[in-house]
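# Results of the structural survey
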Amino acid sequence: MSGVGSRMEGRTPGFVKLLRILGFFCLWITAEAQMKIPPETVQQWASVFSVQLRDLTTMYSGSLLLQKKLKDVEPIVKIVELDGGDLVKDYSDDIERMLGSKMKSVKRLAESAEDADLYHDFNASLEFDYYNAMMINTMDEDGNYADLGGEFPLEENEHFNNLQVNTQQSDIQVPTNVYNKDPNILNAIYNSEALNDVFISNFQKDPTLTWQYFGSSTGFFRIYPGIKWTPDANGVAAFDCRNRNWYIQAATSPKDIIIMVDISGSMKGLKMTIAKHTINTILDTLGENDFVNVIAYTDYVRYVEPCFRGTLVQADLDNREHFKLLVEELHVKGEAKIKNAMKEAFKILNEARANGQGSMCNQAIMLITDGAMEDFESVFEEFNWPERRVRVFTYLIGREMTFAQNTKWIACNNKGYYTHISTLADVQENVMEYLHVLSRPMVINHDHDIIWTEAYMDTVLPNTKELFTTKAQSLLLMTSVAMPVFSKKKETLSHGILLGVVGSDIPLMEVMKLAPRYMLGAHGYAFLITNNGYILAHPDLRPLYKDGKKLKPKPNYNSVDLSEVEWEDTDETLRTAMVKGETGSIRLSIRASVDKGKRPLYLINDYFYTNIDETPFSFGMALTKGHGKLMIVGNVSVEEGLHDLTSPDLSIASEWTYCETDIDPAHRKYSQLQVAIRYLLGKEPDLECDEVLLQQTLFDAVVTAPLEAYWNALMLNDRVEPGVETAFLGTRSGLMRIMRYAGVETRVAKRFLTPGDKDNLFTIDHFPLWYRLAVEYTPGIFYYYPVNDKGVKYIIATTAVTVSSEGKTAMAGAIGVQMSLDLLEKRFWAIAKQPSDTDCSNIEGVCPLSCESADLNCFLVDNNGFIVLSKERNEVGRFFGEVDGSVMASLIKMGMFKKVSLFDYQAMCKNSHHHASSARPLLSPFYGIVALMRWFFSNALMFLLDFNLCGLWHSDYFVDAKAGYHTSHKQKKVEALQPCDTAYPGFMYDSSVREANSLIKCGRCQKMFVVQQIPDSNLVLVVTQADCDCSRQYGPILLEPKEIKYILH
């Protein structure tokens, strides 16, 4: 080795220099000797393919014929600009009437229940058989009906989600932990028999009513119509109506609660387990109109959530669940010093009252301990006497009664209630007692306040899981209207006895049907929120998430704030006005998205809003500026329209209400098309129908009728090219015509436009995807996009058709054709190659050029960056940046594609570690701070995403997220998901940049690419050099969402 070294040292510096020059020269030769793709060749391909595409789609769709027919009727149509202010008033009045009729039904139930109790004397030896919902139709081995069972006829009823019900009789559910023959229970059930007739008459007066019920303070639940109650897997009926939100809200007024729990050494073991269960049970009795905090005390005062020090937070689902997690982590230690904790609790409540914060109603302290060594009279004298504004409830935990006297004294001298809890089984009944105490002032004053609950999902009924898969997610929810029932007996009036709560459920889908989809347009929508800003109904509300293969409700599904779906309302102007119950309008420029969040759209929305009287709700409506506010009104005779309405290729939106079929049970068997035709023929003159919608549907049927003949002529003449599978059209009235060019056996897209293909049909909460994409593109020019339906890939081409009148142009509908990938590939590969005898004399670069060559990669990419065509079938439908990050990065840099940052505040992320913030900021008092942070993040991220600063994208502010819209690769082990906020990019093509070509330096090679716009389409042709691998220098550009982490210092 030493010899070699000495020989090298002997070389002259000039020789080394020469070696270096030679090395650089070789590298330069290698780098420069790259393929040159002639842009003019690619341009010619794009031009020829454009003509072929246009001819193919216009011929098989019939778009030119439809546009001509619409042009012919222009002299007889009117284009009307919708007045959002008038519409929002009309729809809110309809909703008010509907909800008002539900309130009247509930009032009748409350009056009947109170009267029945007034004239009934308690009978301790009463023997009374009733229909127990668990026992009905149950027989023993000898064929005898079970005790409290008996024959109870049930039949399937479409109005009640196809459940087996009895509309002539209610029945009784009793929780397993309540004795079903207790004298108190029997007397109360006997009394409530009077409700049967009221249930039935209510349902006759208002056939749109669903479940009606009475929840008794003794624990039983009377439900109409009667059903068979299914116990859980262990045979237990765990449902207790007194724990339900509608019961608790109706039974008490809003309240501020401080829960104080003793975590000193004496609370170890079972006592601590009981104490934690007690806290959780108290938390379950709170709702979004209540405020709460939890203090754990030993020899010092400890807030279980330090961020909430000295304040009250809204007791919504997020915060309650957050407290439960923290309570689970409590450990015992030290010595109990109640005095300081009690003072802290009083200070919080007194400050809240003085500052006009919290519920501004009831206030209470819940003391959970195994004993108090003194009565702390001095604390009460200082903070609570003589007014006693704060009630103190005490829960003595454990079997020992040594300090019971002081614990009882504290409660009784502060208008509270004392209970002793020695086992876990005692917790439920004992906690519920505080509700009766808090309800006494209401009972004595006879404050029959009607309450409305926040949105919730009924998971009690047997077929909820099936509903998850068949209904629009945003409209799965319901609200309940409820009212307390008091004892009116003179001898007990001063005691304030609550008998129970009556109520009824209102599916929010029925409410939102009162704002018809056709009036709102392709991107318009209606929504409903509570006076807390939480969403009851909104098309962007996604209450479910996929856990493995199962759909489950998100933990925070009913506390999604309006600001989390209308996130462009950065100043919360819209939210604030609606929460205050104001009437008005606002215009916002928004970034919307369609196709499961993949395709961004820039829209200008006009929002109109007003309150719903006698409810805590506010109704809003968004109309898209431009075509969203313009509607065509055309007149044709009923006779002419009916002829075309009965065409076999025609259908109308099955989820829309052309005529009301729910009022008369005899009409429920008809589809919307059948019932509309019966009404128009005069067979059902009493039907309630939407005259404007029917007139528009008749007009659309006549105007689109020639398409049926046109499509059939193509079929009869055998002129349909293999691979052209379906022609279709849709109009604003929900009318669709479909022509199946290919039989179901040969069709690739077997599911396209079938009843299960909700994305491509008119539904209760959206227009078809192909319609929404077409109306945002240039009318007459086809919009092409790939579809990947569970591995089945095909292409859709769609375009908008218009009507012009008096200087206004309105969208009449969309028309298109669905094709197989085979067809498009066959056409494209035939064009994208130069024959071997091509004259190459004037072409600089590779000639003849062919996309079939192994040296080239050729792609058709749509305006959002998704691959429509590639040599590799598995790449179709994928984002181009995933497949070739180097070329996509160059196109972004050149401005051909622009990044659009989007946000999802309802995402579900992998539970990597404990979070202090979930789908919405926990600190309700600091809501403004976090909203400001969110605004900052939105705008800062928009800047960072739009300018492609990848450094932050991979920084600690983000962790991998699995959002509701974007599903990652299948995993064998499913990790727990939790609510989170995510940011993700979308991309839009700038059509002003028609072509681009460049070299990308990638280490030892340079990659050439040429991009050419395909005229009269939303597509670009991308031709790249295949043998230069840039994956080391340029990673893939992914659309994966990233979780936003909020850090509160």
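Once a new chain begins, its residue numbering starts again from 1 and follows that chain's sequence as written. Given that this is a predicted model, residues contribute local features only at a pLDDT of at least 70 and side-chain atom pairs are listed and counted only at 80 or more, while totals for whole chains, interfaces and linings are drawn from all residues. Calculated side-chain values reflect all of the structure's heavy atoms, with hydrogen atoms and water omitted.

### Observations concerning the environment of Trp45
Per the convention used, a helix needs a DSSP run of H or I reaching at least four residues, while a strand needs a run of E reaching at least two, with both numbered from the N terminus. Within the element layout of this structure, Trp45 appears in helix 3 (residues 39–61). For the pair formed by Trp45 and Phe828, sequence separation is 783 residues and the distance between their alpha carbons is 8.7 Å. In what follows, residue pairs with any heavy atoms lying within 4.5 Å of each other are defined as contacts. Those residues in contact with Trp45, other than ones at most four positions away along the chain, are Ile831, Ala832, Lys833, Gln834, Leu849, Ser850, Cys851, Leu1021 and Val1023.

### With respect to a negative patch on the surface
Two joining distances apply to patches: 9 Å for like charges and 5 Å for nonpolar side chains (Val, Leu, Ile, Met, Phe, Trp, Tyr), and every residue must have over 30% relative accessible area and no salt bridge. Working definition of accessibility: Shrake-Rupley area with a 1.4 Å probe, residue cover restricted to the visible protein chains. For this document, the term salt bridge refers to a Lys or Arg side-chain nitrogen within 4 Å of an Asp or Glu carboxyl oxygen. In this tally, Lys and Arg are treated as positive and Asp and Glu as negative; His is ignored, and so are the chain termini. By convention, the charge on Lys lies at NZ, on Arg at CZ, on Asp at CG and on Glu at CD. Side chains of Glu81, Asp83, Asp86 and Asp90 sit close together on the surface and give a patch of like negative charge. Given the relative accessible area of 47%, Asp86 is considered partly exposed. Three labels apply to residues, based on accessible area from a 1.4 Å probe with only protein chains included: buried if under 20% of the type maximum, exposed if over 50%, partly exposed otherwise in between.

### Details of the packing of helix 20 (residues 638–645) against helix 21 (residues 672–680)
Comment: axis = line fitted to C-alpha atoms, over the contacting stretch for helices; angle = value between 0 and 180 degrees taken between N-to-C directions. In contact at an axis separation of 11 Å, helix 20 and helix 21 are set at 155 degrees when each is read in the N-to-C sense. The pairing of helix 20 with helix 21 is recorded here as roughly antiparallel in orientation. Our pair here, helix 20 against helix 21, has a crossing hand that is left-handed. Facing helix 20, whose interface residues are Val638, Leu642 and Leu645, helix 21 presents Leu673, Ile677 and Leu680. Roughly parallel means an angle under 35 degrees; roughly antiparallel means over 145; roughly perpendicular covers 65 to 115; every other angle is labelled oblique. It is the rotation of the near helix from the far one that decides the hand of a crossing: anticlockwise by less than a right angle makes it left-handed, clockwise makes it right-handed.

### Some words on the pairing of strand 35 (residues 995–1002)
Each regular strand carries side chains that alternate between the two faces of the sheet. For two strands to be treated as a pair, DSSP must find at least two bridges joining them. Where strand 35 meets strand 36 (residues 1005–1013), 8 bridges bridge the pair, whose relative direction is antiparallel. Looking at strand 36, one finds that Asn997 is bridged to Val1010. The turn linking strand 35 back onto strand 36 is made up of 2 residues, and Gly1003 within it adopts a positive phi angle of 65 degrees.

### With respect to the sheet that holds strand 21 (residues 584–594)
Taken together, the 5 strands give an open sheet; going across it, the order is 18-17-23-22-21, and neighbouring strands pair in antiparallel fashion. Where the open sheet ends on each side, the last strands, each with one partner, are strand 18 (535–537) and strand 21. Here the average twist between neighbouring strands, direction ignored, is 35 degrees. In this structure, strand 17 (residues 525–530) lies alongside strand 18, joined through 2 bridges in antiparallel fashion. Residue pairing in the sheet places Ile529 in a bridge with Ile535 of strand 18.

### Regarding helix 14 (residues 427–445)
Think of it this way: the bend at a residue is just the angle between two axes, each fitted to seven residues, one set ending at that residue and the other starting at it. Of all the bends found along helix 14, the most pronounced is centred on Ser439 and spans about 40 degrees, while Pro441, a proline, follows it within four residues. Buried within helix 14 are the following residues: Val427, Asn430, Val431, Met432, Tyr434, Leu435, Val437, Leu438, Ser439, Met442 and Val443. Directly after helix 14, the chain includes His446, whose backbone phi takes a positive value near 55 degrees.

### Regarding the nonpolar core
Membership of the largest hydrophobic core comes to 215 residues, with the highest contact counts inside it found for Leu528, Phe619, Trp770 and Phe828. Of the residues forming this core, the biggest block, 11 residues, is contributed by helix 5 (residues 84–118). The next biggest cluster of nonpolar side chains, apart from the first, holds 38 residues, and it includes Val261, Ile263, Met267 and Ile421. Only buried residues count toward a nonpolar core. Its members are Ala, Val, Leu, Ile, Met, Phe, Trp, Tyr and Cys residues joined through side-chain atoms within 4.5 Å.

### Regarding the sheet that holds strand 31 (residues 856–861)
Taken in spatial order, the 5 strands of this open sheet run 32-31-37-36-35, and their pairing is antiparallel. In this open sheet, the two strands that pair with only one neighbour each are strand 32 (867–869) and strand 35. If you compare each strand with its neighbour and ignore which way they point, the axes differ by 30 degrees on average. Bridge count between strand 36 and strand 37 (residues 1020–1025): 5 bridges; the pairing is antiparallel. The residue bridging Val1010 from the neighbouring strand is Val1023, located in strand 37. The strands touched by helix 3 within the sheet are strand 31, strand 35, strand 36 and strand 37, with strand 36 carrying the most contacts at an inclination of about 35 degrees. Strands in contact with helix 24 (residues 821–831) are strand 31, strand 32 and strand 37; relative to strand 32, the strand with the most contacts, it is inclined by about 70 degrees.

### Thoughts on the state of the cysteines
Throughout, disulfides are identified as pairs of cysteine sulfur atoms within 2.5 Å of each other. Throughout the structure, instances matching the rule amount to 6 disulfides. Residue Cys851 pairs covalently with Cys858 via a disulfide, S to S 1.9 Å. Its S-S torsion of approximately -90 degrees makes the covalent link between Cys851 and Cys858 left-handed. Of the two residues, Cys851 and Cys858, both sit in the buried class. Note that Cys909 is cross-linked by a disulfide to Cys980, the S-S spacing being 1.8 Å. Disulfide Cys909-Cys980: the torsion about the S-S bond is 75 degrees, which places it as right-handed.

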